[in-house]
Amino acid sequence: MTAVLICCTDMTMPEYETLDDRCSPGSDCSTPASKPESPKVCGRAWGRLLKIFDLSYAAVFTVITEFFEKLTYFGVRAILVLYLTNALILSESKATSLYHVFIFLSTSFTIVGAFFSDFCFGRYRTILMLSVVYLAGAIVLSVTAIPGLMGQSGMGAYIGLFFISLGSGGIRSSVSPFGADQIGGKEEKGYRMYFSFFYFFMNLAAFIAGITIPILREDVQCFDSDCYTLAFGVPAITMLFALVIFALGTSTYKIYPPTGNLFCQVLFATWSAIINKVKWYMSKKKDGAKEHWLDWADQKYEQEIINDAKRLYSVLALYPLLPMYWALYEQQGSRWTLQAQEMDRNVGSIRLKPDQLQSLNVLFVLLLLPLFEGFIYPQFEKRKLLIQPVTRMSVGMLGAAVAFCITGILQVQIQKWQVMPHPDGMTELKIFNGATCQVNIDFLDHHIVMDPQTFSTSYLVPVDTLGLHIVPVNCSVLQLPVDINVTMDPKIGSTFFMVRDYKTRGLIVKQIPDNKMKILDNSALVRIFPVLETPDTSSNRTLRLTCKRNTVKDLAVRPFVPTLYTPVKLGRCTLQLSGVGSSFIYVEGEVDLKDGGVYTIALYQANHTENVTMQLNIDNWPKTVSVLWQIPQYLVISVSEILFSVTGLHLAYTQAPSSMRSVVMAVWLLTIGIGNLIVVVFAESALITDQAVEFFVFALLMGLISLIFIVTSRFYKYHPIDTRDASLSESDKENESDGLNSELKTIPSYTGEEHKINR
């Protein structure tokens, strides 16, 4: 390996032949062996397309592999939170934490992949081996999602998710630089085009997975429930495709050997420089100062090692401020999805699923990325704007702060219609007057006058014994005042149901607890207050709700006995009350039940009449804010992603030493994991209980860190692209090819000689 490093120091860029250079039989074109960066294409439309994008066939194999791998990764992520809450019966907070822990592990294992890639096996073998681990994890997750196979312990799911995170994280730090290796020694524009192309297909995969996998989960039923086995099984199949496609492209790849212990040499040289610098600083004679602190390393370390260390630490110095961006960005799959769940997701006749909304991000990236590369960036460059990568990243970070400001404003509007937690020691009280006369009610400092058959507003009262003084007035039959003492529930509010007893003519007051049920998605809660003055008040009646699409719900009701809350389907519903025999009496009017709404329906039927009327009271408002209002925040975060993430990938590759590109890429991806840990800390600590305030705090922190990054990045010194990876000697290439050939005998088209030519 040392010989490889020594040879790489002074050699020039070798010349390669790619599949683009080959002519079809009978063609007159010649092989441009001396111009690898401008291959000649003969009569092949696909080849011309690759020439336009400045890509080789090897790079395209890498991009397609990334496409299918990301179908797997984002397919699992799309439904993971719902699987944890619905199938494994975890709380929302625990599921949110596990979701971000999974992403943290997926990005943290990039360090393992970088170690294997740069120091043990090389990028090619690392991708091949860890893809097998990845595939095994996807299969385990799919199989163990079969209900009853592993119970609700989740052990099989956790094992599968661990292997998926190890595989995805392990190859992530190698795939994009491996594809960039196939570009050759081209100018920086070629690398920028490759990373944009790479990022485009990565987001295309995320978009397809984000739309289709939730549909497979909910719309396909298996084992009498949502089909998580199929929803996880499809990502397992796409991972198999990724592995096969990557192996099929072996004969086209430029495969470089690992750099061995070069990173360790950099660390030792760094330690040596620190020790010598401290000794010089502590000495009395301060002569022989050096330009850079790394120049103090012992002379036994070659200048190439010192230069690599300078490049490495120069680019890594930008990274400590980056995790906060990912803390905001990754909340699309958690906080933003939960926000969508609290919104009206009906768009015309289409009802969107909450886990589909995050696909807006990748859709915008797919649409905007070609626009940025083809028009926006060139126009800005003409005006000397947004030229430097760190400048684009700074604007992207500010864009994330703006997106969360929009998110916070939207959350404020949502919370206006939500039931907020009561202050400590307080609860809620409402009164329903079902009597036929007016009543005056006094409690605490309140004096209210209620007309017949009306609901009062809500009142906050102490959690204590409460006295009510009720005086009926203007009654056709004389009613005596009523004094009652009630004990309020500290956890939920109460509604007082007041009616006149049909037989005694006295006033009956019942304390009814309000809703404490979890409202299921795509449903509403309904309870009935039946004021039915019928001769037989002891017999049950049936109330039939008929909603759109012929959805019928029968509720058992008993005169003067309030029912409990019952989940019902949504829509505009008509009501019928059972009468004599099997006949039903239509109730005057309709009710429009909306998603997330909690309703009380009071029914009135006078004695010896067929006339039934109703009154609808909204206990808790439904989801009234349209989910379309999330579009602005997704648009802004998508623009920020193009400026920040695509540019960051490009910067990580072009500014890193060629021997440690996987290391730098791993640290770049590790910042994503740290960002997810920040979200976990916020969620688990529960320091901020108001969700809107939390969004604004994230926006403020992002804005402050963006300003710091703008200031510090001004001191960054750019380096030319290090192309030494391409400077292997012919003997080194032959040895590497032979080594691979001995291990990949299952691929008949791959031989040592062919690989030598393709290089």
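Please refer to the structure placed before this passage.
Computed from a predicted structure; not experimentally measured. In this numbering scheme, every chain counts its residues from 1 along its sequence in written order. With pLDDT at 70 or above as the cut-off, local features in this predicted model cover only qualifying residues; side-chain atom pairs require 80 or more to be listed or tallied, and sums for whole chains, interfaces and linings still use all residues. Here the side-chain values reflect all heavy atoms present in the structure, with hydrogen atoms and water set aside.

1. Things to note about unusual backbone geometry
With a phi angle near 50 degrees, Leu386 is a residue other than glycine that sits in the positive phi range. Helix and strand labels come from DSSP, where a helix needs a run of H or I of at least four residues and a strand needs a run of E of at least two; each type is numbered from the N terminus. Summarising the element assignment, Leu386 is placed in the loop between α13 (359–382) and α14 (389–415). For each residue, the accessible area found with a 1.4 Å probe, counting protein chains only, is set against the maximum for its type, and the residue is called buried under 20%, exposed over 50%, and partly exposed in between. Residue classification places Leu386 among the buried positions, given a relative accessible area of 16%. Residue Leu444 is not a glycine yet carries a positive backbone phi of 50 degrees. In this structure, Leu444 sits in the loop between β6 (438–443) and β7 (446–450). Given the relative accessible area of 51%, Leu444 is considered exposed.

2. What to know about the state of the cysteines
Cysteine sulfur atoms that pair up within 2.5 Å are treated as a disulfide. In total, this model carries one disulfide according to the counting rule given. The disulfide bridge from Cys547 ends at Cys573, spanning 1.9 Å between sulfur atoms. In this structure, the disulfide formed by Cys547 and Cys573 twists by about 95 degrees around the S-S bond and is classed as right-handed. On the criterion of sequence distance, the pair formed by Cys547 in strand β15 (residues 541–547) and Cys573 in strand β18 (residues 571–578) is long-range, its members being 26 residues apart. There is no split in this pair, since Cys547 and Cys573 are both buried.

3. Things to note about the packing of helix α4 (residues 92–108) against helix α6 (residues 155–181)
When two helices pack together, their arrangement is given by the angle between the helix axes and the distance between those axes. The axes used here are C-alpha line fits, helices contributing only the stretch in contact, and every angle between their N-to-C directions lies in the interval 0 to 180 degrees. Packing of α4 against α6 brings their axes to within 7 Å, and their N-to-C directions diverge by 40 degrees. Relative to α6, α4 is oriented oblique. Listed contacts from α6 to Leu98, Phe102, Leu105, Ser106 and Thr107 of α4 are Tyr158, Leu161, Ile164, Ser165, Ser168, Gly169 and Arg172. In this count, Pro and Cys sit with the nonpolar residues alongside Ala, Val, Leu, Ile, Met, Phe, Trp and Tyr, while Asp, Glu, Lys and Arg are called charged and the others, Gly among them, polar. Along the lines of polarity and charge, the residues of the contact of α4 with α6 split into six nonpolar, five polar and one charged. Under this scheme an angle from 65 to 115 degrees is roughly perpendicular, one under 35 degrees roughly parallel, and one over 145 degrees roughly antiparallel; angles in between are oblique. Contact criterion: two residues are considered in contact whenever any of their non-hydrogen atoms come within 4.5 Å of each other.

4. Notes on the pattern of salt bridges
Only one rule defines a salt bridge in this text: a Lys or Arg side-chain nitrogen within 4 Å of an Asp or Glu carboxyl oxygen. Scanning the model with the defined rule gives 13 salt bridges in all. With a shortest N-O distance of 2.7 Å, Glu69 and Lys70 are connected by a salt bridge. For the pair Glu69 and Lys70, a shared accessibility class is recorded, and that class is buried. For Asp595, the salt bridge identified is with Lys623, shortest N-O distance 3.5 Å. Of this pair, Asp595 sits in the loop between β19 (584–593) and β20 (598–605) while Lys623 is found in the loop between β21 (612–620) and α15 (631–655), placing the two residues 28 residues apart along the sequence. Comparing Asp595 with Lys623, the two get one shared label, buried. Via salt bridges that share partners, Lys430, Asp514, Arg527 and Asp619 belong to a single interconnected network.

5. Overview of the environment of Thr609
The topology assignment puts Thr609 in the loop between β20 and β21. Between the C-alpha atoms of Thr609 and Glu533, which are 76 residues apart in sequence, the distance is 9.3 Å.

6. Describing the packing of aromatic side chains
Between rings of Phe, Tyr and Trp, where Trp is taken as its six-membered ring, a pair exists when centres lie within 6.5 Å; planes separated by under 30 degrees are stacked, by over 60 edge-to-face, and by other angles tilted. Under the definition given, this model contains 39 aromatic pairs. Geometrically, the ring pair formed by Phe404 and Phe695 is edge-to-face, given 5.7 Å between the ring centres and 75 degrees between the ring planes. Taken together, the residues span a long stretch of sequence, with Phe404 in helix α14 and Phe695 in helix α17 (residues 691–713) at a distance of 291 residues. Overall, Phe404 belongs to the buried group, its relative accessible area being 0%. The class for Phe695 is buried, based on a relative accessible area of 0%. Three or more aromatic residues link up through ring pairs in this structure, and these residues are Tyr319, Tyr325, Trp326, Tyr329, Phe644 and Trp668. Only lysine NZ and arginine CZ atoms are considered, and such an atom sits over a ring when it is within 6 Å of the ring centre and within 35 degrees of the ring normal. Across the ring face of Tyr73, the terminal group of Arg172 is positioned such that the distance to the ring centre comes to 4.7 Å.

7. Re the pairing of strand β14 (residues 524–532)
The element β14 is largely enclosed, with a buried count of nine among its nine residues. Across the two faces of β14 the burial is the same, with Ala524, Val526, Ile528, Pro530 and Leu532 and Leu525, Arg527, Phe529 and Val531 all buried. One requirement defines pairing of two strands: DSSP has to find at least two bridges between them. As defined by bridge partners, β14 adjoins strand β17 (residues 566–568) across three bridges and the pair is classed as antiparallel. Across the sheet, residue Ala524 finds its bridge partner in β17, namely Val568. When β14 meets β20, the two strands line up parallel, connected through eight bridges. When the bridges of β20 are listed, Pro530 appears paired with Leu603.

8. Comments concerning the pairing of β6
Bridging between β6 and strand β10 (residues 465–473) involves five bridges; their strand directions are antiparallel. Of the residues in β10, the one forming a bridge with Val439 is Pro472. Alignment of β6 against β7, held across five bridges, turns out to be antiparallel. Bridge pairing in β7 links Asn440 to Val449. Between β6 and the antiparallel strand that follows it, β7, lie two residues; Leu444 among them carries a positive phi value of about 50 degrees.

9. Focus on the sheet that holds β17
Here we have four strands laid out as an open sheet, ordered β17-β14-β20-β21, and mixed in their pairing. Across the chains shown, the open sheet's two edge strands, defined by having one partner strand only, are β17 and β21. Shown here is a sheet whose adjacent strand axes are inclined to one another by a mean of 35 degrees, direction ignored. Pairing between β20 and β21: eight bridges, direction antiparallel. Paired with Thr600 across the bridge in β21 is Asn617.

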